[in-house]
Amino acid sequence: MSALPALPDEPPDAMEMRSSRPILEAVGLTKRFGAFTALDDVTIALQPGEFHALLGENGAGKSTLVKCILGYYQPDAGAVVLDGREVAIASPRDARRLGLGMVYQHFTLVPAMSVLENLVMAGATVPRVVDWRTERRRLAAFMETMPLRVPLDVAVDRLSAGERQKTEILKQLYLGSRVLVLDEPTSVLTPNEAEEVLSFLRARASETGMAVLLITHKFSEVTRFCDRVSVLRKGRPAGAGKVADLTVEDMARMMIGERELAEAPARAASVAAPPVLRLRKLAAGHAGTRGAIAIDHLEVAPGEIVGIAGISGNGQTTLVEVLSGQTPAEGGVLEVGGEPYRASRAEAQARKVRCLPEEPLRNACVGRMSVSENLAFRTFDHNAAGAPIRLLDRKRMRGEAERLITAYSVKTQSPASPIATLSGGNVQRAVLARELQGETDLLVVANPCFGLDFGAVADIRAQLMAARNRGTAVLLVSEDLDEVIALSDRIFVLFEGRIVMETRGGASADPFAIGRAMAGHV
Ligand SMILES: Nc1ncnc2c1ncn2[C@@H]1O[C@H](COP(=O)(O)OP(=O)(O)OP(=O)(O)O)[C@@H](O)[C@H]1O
């Protein structure tokens, strides 16, 4: 949000001055899942000291590629070459021993252990008896050299999302990773934290010769931090080059080919009407603890999008859990359509309330069940006319699933595939497809575009605006401030569980004022 500071002195292609032999090459990697080829003859080379972006739409094969390199999957063809020599990487442990590290989108730290314990225990070889005094001294000395700060003795579950992400990165540096793969590392960071982390890693790569492979959906991160880019489309190489020689449009075209993108419908004028959702003095969670909420007053009317802006951990999750029936409210008023609401499945059905929670694979799907079954969660127990049925109508379920898969461009091998085998972005599309079916009076969405490629972001924002224009009341809870501003009619800022600011959305919103309120400065 603030003006971006200058990049480190070294020019982007400084790595060309160094040895031209790549640290790491993945050559002709192919990976099949049954009859489906997720990765087809992909080659990528990382030079010492370079920051290399890996781009591709959801399901393009980015995670599969890095999982093949890091020993999570065994490729069906191709080789991984390290310092000019082919290496066998049978497991993630082998990768770690070779100095190949990864920072995932989800956290891999042990929540109950301290930062110190996590970093020491992550070592490739942990002695049977740990000399904690020596380990602490060594780690403290290492931390002294790091501009990223996290407290060593605090349990990881007490850290903010940003601190956890920094701990994951510090862990990899402490382990001495020479190649670092970052899977959308900034998705849980505030704009300032993202800037801090990427600037630091960029400088570190230039200084030490470490190569960084950055998986991202944000073009601004590519143009600002990366030297080169490789693009995948449908599992195949779709282009590569120096970032300095490419425009954002060039990279976008490589990703999507000739396809055209959805255009967001214009915001229709709204008509004054009584609110669909009404909260008064709503409390949930243990007062005074992280994540607890105490919301004085919040209303969402038909045909409006109300955005809840806030840094992760300020009560958004609890709010969505209360509205989706996962956490009970401890006091106050929660009404939908003018009546008290407890968010049971029957009530949600009757009042036409739909919800897209955070982490939909965990919170809104059963991973081992098929895409078709997951898409039918709302409808499997009644027929097309809405009457209850006793026997599952599998034919209708499959037909409906095929319709939704096409309408929402969900990439799946078949409606019968377990939903857990879909890429993250495609799970998100599938759940949104399910939740937007039929008439919806209230739609609660949490971080709807998290992890989505730019084409999917355009599709989903268009769907949300269309739902609003049809008269649905939409509560949009998002950590992406740009998204909240672009979509919302009104914005509320949540800080430590309370609404600390209300303002208009759209072009008249002041992102700096909202950003200050998000940080508690009002
Ligand atoms: N274990 C698996 N079994 C079957 N299919 C899989 C498996 N893992 C991945 N796939 C399929 O392989 C394709 C590539 O998935 P991958 O996760 O590599 O995509 P991605 O580019 O990382 O996407 P995203 O940006 O959404 O994370 C997808 O169509 C996915 O459904």
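Note: the structure precedes this text.
Let me sum up the structure you'll find in this document. (Residues numbered from 1 in each chain as written. Predicted model: local features only at pLDDT ≥ 70, side-chain atom pairs only at ≥ 80, totals over all residues. Heavy atoms only, no water.)

Focus: the pattern of salt bridges
Right, on to step 1. Evaluation of the coordinates by the stated rule reveals 32 salt bridges.
Right, on to step 2. In this structure, the salt-bridge partner of glutamate 57 is lysine 411, at a minimum N-O distance of 4.0 Å. A residue pair is termed long-range when its members are at least 10 positions apart, and glutamate 57 in the loop between strand S3 (51-56) and helix H1 (62-69) and lysine 411 in the loop between helix H13 (394-407) and helix H14 (424-435) qualify at 354 residues.
Right, on to step 3. For glutamate 57, a relative accessible area of 6% puts it in the buried group.
Right, on to step 4. For glutamate 400, the salt bridge is made with arginine 403, and the minimal N-O distance between the two is 2.8 Å. With glutamate 400 and arginine 403 both in helix H13 and 3 residues apart, this pair spans about one turn of that helix.
Right, on to step 5. In this structure glutamate 400 comes out as partly exposed when scored by relative accessible area, which is 31%.
Right, on to step 6. A network of salt bridges, in which partner residues are shared, links Arg278, Arg280, Glu299 and Glu335. (Salt bridge = Lys/Arg side-chain N within 4 Å of Asp/Glu carboxyl O. Helix = DSSP H or I, 4+ residues; strand = E, 2+ residues; numbered from the N terminus. Buried < 20%, exposed > 50% of the residue type's maximum accessible area, 1.4 Å probe, protein only.)

Points about the side chain of threonine 64
Right, on to step 1. On the secondary structure map, threonine 64 appears in helix H1.
Right, on to step 2. Dropping the residues within four chain positions of it, threonine 64 is found in contact with Lys31, Phe33, Ala38, Leu39 and Tyr73. (Contact = heavy atoms within 4.5 Å.)

Things to note about the packing of helix H5 (residues 161-174) against helix H6 (residues 191-208)
Right, on to step 1. At their nearest, the axes of H5 and H6 sit 11 Å apart, and the two run at 10° to each other. Relative to H6, H5 is oriented roughly parallel. Between H5, through Gly162, Lys166, Ile169 and Leu173, and H6, the contact on the second element is made entirely by Glu193, Glu196, Val197, Phe200, Leu201 and Arg204.
Right, on to step 2. Looking at the contact of H5 with H6 residue by residue, the class counts come to 5 nonpolar, 1 polar and 4 charged. (Axes fitted to C-alpha atoms, helices over the stretch in contact; angles between N-to-C directions. Parallel < 35°, antiparallel > 145°, perpendicular 65-115°, else oblique. Nonpolar A, V, L, I, M, F, W, Y, C, P; charged D, E, K, R; others polar.)

Looking at the sheet that holds strand S19 (residues 490-495)
Right, on to step 1. Read across the sheet, 6 strands follow the order S16-S17-S18-S13-S19-S20 without closing on themselves; strand pairing throughout is mixed. The open sheet has two edge strands, strand S16 (353-356) and strand S20 (498-504), and neither has a second partner. Strand after strand, the sheet turns through a mean of 15° between neighbouring axes, direction not considered.
Right, on to step 2. Inspection of the sheet shows S16 paired to strand S17 (residues 442-446) by 4 bridges, in the parallel sense. Looking across to S17, one finds that cysteine 355 is bridged to valine 444.
Right, on to step 3. Contacting strand S13 (305-309), S16, S17, strand S18 (473-478) and S19, helix H9 (residues 316-323) runs over the sheet at an angle of about 145° to S18.
Right, on to step 4. On top of the sheet, helix H17 (residues 511-518) reaches S13, S19 and S20; it is set at about 30° to S19, its chief contact. (Pairing = 2+ DSSP bridges.)

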